[in-house]
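Here is how the chains run, residue by residue.
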Amino acid sequence: MRRIIDVRLPAPLDRELDQLHQLEITSEGIIRQILPMATGDLTAGESWNGDWLSPRGIDLQINGGLGLAFPELKPSDLPRLIDLLDQLWADGVEAIAPTLVTCGIAPLRQALSVLQEARRHEQAGRCRLLGAHLEGPFLANERRGAHPPEHLAVPSLEALDERIGGFETEIALMTLAPELPGASAVIARLRELGIMVALGHSAAKADQAAVGFDQGVGMLTHAFNAMPGLHHRAPGPLGEACRRGGIALGLIADGVHVDPTMAVLLQRLAPDQIVLVSDALAPYGLADGEHRWDERVLLVTNGTCRLEDGTLAGVTLPQLEGVRRLAGWCGQPGAAIWGATVAPRRVIGTAVTLNDALVGQQLTNLLRWSQREGKLHWGCAA
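What counts as what
Residues numbered from 1 in each chain as written. Predicted model: local features only at pLDDT ≥ 70, side-chain atom pairs only at ≥ 80, totals over all residues. Heavy atoms only, no water. Helix = DSSP H or I, 4+ residues; strand = E, 2+ residues; numbered from the N terminus. Rg over C-alpha atoms; globule rule 2.2 N^0.38 Å. Buried < 20%, exposed > 50% of the residue type's maximum accessible area, 1.4 Å probe, protein only. Areas by Shrake-Rupley, 256 points an atom, 1.4 Å probe, with all protein chains shown as cover. Lys, Arg positive; Asp, Glu negative; His and termini not counted. Charge placed at Lys NZ, Arg CZ, Asp CG, Glu CD. Pairing = 2+ DSSP bridges. Polar contact = N/O pair within 3.5 Å; in protein donor to acceptor, adjacent residues only side chain to side chain. Contact = heavy atoms within 4.5 Å. Phe/Tyr/Trp six-rings, centres within 6.5 Å; stacked < 30°, edge-to-face > 60°. Lys NZ or Arg CZ within 6 Å of the ring centre and 35° of its normal. Expected span 1.5 Å × (residues − 1). Arc of directions from axis to C-beta. Core = buried A, V, L, I, M, F, W, Y, C linked by side-chain atoms within 4.5 Å. Axes fitted to C-alpha atoms, helices over the stretch in contact; angles between N-to-C directions.

### Remarks on the overall build of the chain
Moving on, step 1. Assigned secondary structure in the chain consists of 11 helices and 22 strands.
Moving on, step 2. Taking 382 residues into account, the globule formula puts the C-alpha radius of gyration at 21 Å, and the chain, at 21 Å, falls close to it.
Moving on, step 3. Its C-alpha atoms give the chain principal-axis dimensions of about 65 × 50 × 40 Å.
Moving on, step 4. Across the 382 residues of the chain, 56% fall into the buried class.
Moving on, step 5. Of the roughly 15,500 Å² of accessible surface on the chain, 49% is carried by carbon and sulfur atoms.
Moving on, step 6. Between the centroid of the 33 positive side chains of the chain and the centroid of its 44 negative side chains there is a distance of 2 Å.

### A few points about the sheet that holds strand β2 (residues 21-25)
Moving on, step 1. The mixed open sheet is built from four strands, whose spatial order is β3-β2-β1-β4. In this open sheet, the two strands that pair with only one neighbour each are β3 (31-36) and β4 (46-47).
Moving on, step 2. Bridge count between strand β1 (residues 2-7) and β2: four bridges; the pairing is antiparallel. Note on β2: the bridge partner recorded for Ile4 is Leu23.

### Examining the side chain of Thr341
Moving on, step 1. Mapped onto the secondary structure, Thr341 falls in helix α9 (residues 333-341).
Moving on, step 2. From its side chain, Thr341 meets the backbone oxygen of Ile337 in a polar contact 2.8 Å long.
Moving on, step 3. Beyond its immediate chain neighbours, meaning those up to four positions away, Thr341 contacts Ser54, Pro55, Arg56 and Gly57.

### Focus: the packing of aromatic side chains
Moving on, step 1. The full count for this structure, using the stated rule, is zero aromatic pairs.
Moving on, step 2. A cation sits over an aromatic face here: Arg8 above Trp52, 5.5 Å from the ring centre.
Moving on, step 3. When the ring centre of Trp89 is taken as origin, the NZ or CZ atom of Arg56, which lies over that ring, is 3.8 Å away.

### Concerning helix α1 (residues 78-90)
Moving on, step 1. Between its terminal C-alpha atoms α1 stretches 19 Å, which fits the 18 Å expected from 13 residues at 1.5 Å a residue.
Moving on, step 2. Every buried residue of α1 is accounted for by Leu78, Leu81, Ile82, Leu84, Leu85, Leu88 and Trp89. One side of α1 carries all its buried residues, which in axial view fall inside an arc of 155°. Across from the buried face of α1, at angles greater than 90 degrees, the exposed residues are Pro79 and Ala90.
Moving on, step 3. Downstream of α1 by a residue or two, Gly92 has a phi angle that is positive, lying close to 90°.

### Section: the nonpolar core
Moving on, step 1. By size, the foremost hydrophobic cluster in this structure holds 105 residues, and its most contacted members are Leu53 and Leu81.
Moving on, step 2. Apart from residues lying up to four places away in sequence, Leu53 is in contact with Val7, Arg8, Leu9, Pro10, Leu23, Ile31, Trp48, Leu358, Leu363, Leu366, Leu367 and Ala381.
Moving on, step 3. Core analysis: the next-biggest nonpolar cluster, separate from the first, contains 11 residues, Leu281, Val300, Cys305 and Ala313 among them.

### Here's the deal with the pairing of strand β17 (residues 289-293)
Moving on, step 1. The sheet contact formed by β17 and strand β18 (residues 296-301) spans five bridges and is antiparallel. Following the sheet pairing, His291 is matched in β18 by Leu298.
Moving on, step 2. Counting the residues in the hairpin turn of β17 and β18 gives two residues, including Asp294, whose phi is positive at 45°.

### A few points about the sheet that holds strand β19 (residues 304-307)
Strands pair in a sheet through their backbones, by hydrogen bonds, and they do so in one of two ways: parallel or antiparallel.
Moving on, step 1. Taken in spatial order, the four strands line up as β17-β18-β19-β20 in an open sheet, and their pairing is antiparallel. The outermost strands of the open sheet, each flanked by one partner alone, are β17 and β20 (312-315). Going from strand to strand, the sheet's axes swing by 30° on average, the running direction of each strand aside.
Moving on, step 2. Bridge count between β19 and β20: three bridges; the pairing is antiparallel. Within β20, the residue paired with Arg306 across the bridge is Leu312.

### Thoughts on helix α2 (residues 105-118)
An α-helical segment advances 3.6 residues per turn. Residues three or four places apart therefore align on the same side.
Moving on, step 1. The end-to-end C-alpha distance of α2 is 20 Å, a good match for the 20 Å that 14 residues give at a rise of 1.5 Å each.
Moving on, step 2. Those residues of α2 hidden inside the fold are in contact with α1, β9 (93-101), β10 (128-129), β11 (132-135), α3 (157-164) and β12 (171-176).

### Some remarks on the environment of Leu139
Moving on, step 1. Secondary-structure assignment places Leu139 in the loop between β11 and α3.
Moving on, step 2. Residue classification places Leu139 among the buried positions, given a relative accessible area of 4%.
Moving on, step 3. Other than its neighbours up to four places away in sequence, Leu139 contacts Thr102, His147, Leu152, Thr175, Leu176, Ala177, Leu180, Gly200 and His201.

### Observations concerning the pairing of β2
Moving on, step 1. Of all five residues in β2, five are buried; the element is thus mostly enclosed.
Moving on, step 2. A two-sided burial pattern is seen for β2, the buried positions comprising His21, Leu23 and Ile25 on one face and Gln22 and Glu24 on the other.
Moving on, step 3. In terms of strand pairing, β2 meets β3 through five bridges, oriented antiparallel. Of the residues in β3, the one forming a bridge with Leu23 is Ile34.
Moving on, step 4. Here β2 folds back onto β3, and the loop between the two strands holds five residues, one of which, Gly29, carries a positive phi near 80°.

Geometric descriptors of this kind do not, in isolation, establish any biological role.
Okay, here's the thing in structure tokens:
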């Protein structure tokens, strides 16, 4: 039995972040047990000197990569999609919810079909495809951001079935504006199907958001962005989500979508609700410069993507780069790591506790994080 000692585990900002642990590893390299260490514990073993152990990341909002935009997928794109999944594994990501922004019905259904086929190519050492994240089309026009207005739709069961009929089991998450007429029936149907619902690209006030949360909305898509902000006389959906707790707060930690100060304040306000997402677009994995996005031009500078009119559209940064940045802003690496690796598992229901995510896992599939020269680094835990 191999023993590793002096290991930290990620946890939300309001938890004990400096507690050291020991790992018991079987001869097959599987974590058998994780135990806390007492102060002054002289247990023999291989010391990690306070480095962190975590699962790999799970990204619930990623729109494409290596030049592929998920809503534009065609059967011939399957090999490049597999390459992207291999790239994501190399970038520390275990699974993604491929995000399909607002588009036409036929392209959406074709993309869902390609993703369905790609799931059949799952293998060890390759990022897994979770169910898709449909970001739209039931969005508020005034908060649509980079979503094409011609493909927005009024929420209805008929419009929903046109898009996902026959693909119901291929969808994990849908982002919509709950204040729109007809949204309540769509939310109820999605929850019947076991599909999580997120509030996003919404003009909802706090009371309208509260109704949505009562109906089963369980997440905010890219908190702060494309929704009313926090105001002392108008708390909006973000204020209501923090007040009641239990609502996942998707956060793009690039420092552009949300100012670092606001990201840290949100983390302090709702430490166990933060879920780090990349919001990466098709140029993920490619160089900065000019790229195509549907019929539009996407300008990428320092990992930030904008349309030609300046509209902020997304990023090309890896999800774990957001961990590094948030860790630098808040000074608590364990809390930032938790937001990308454990928190998303709670959202999709694969792990309630960190032990659920680590015990029984191969060390080769996990990550080891260390701080060197004031910067956070990660690598394979084995």
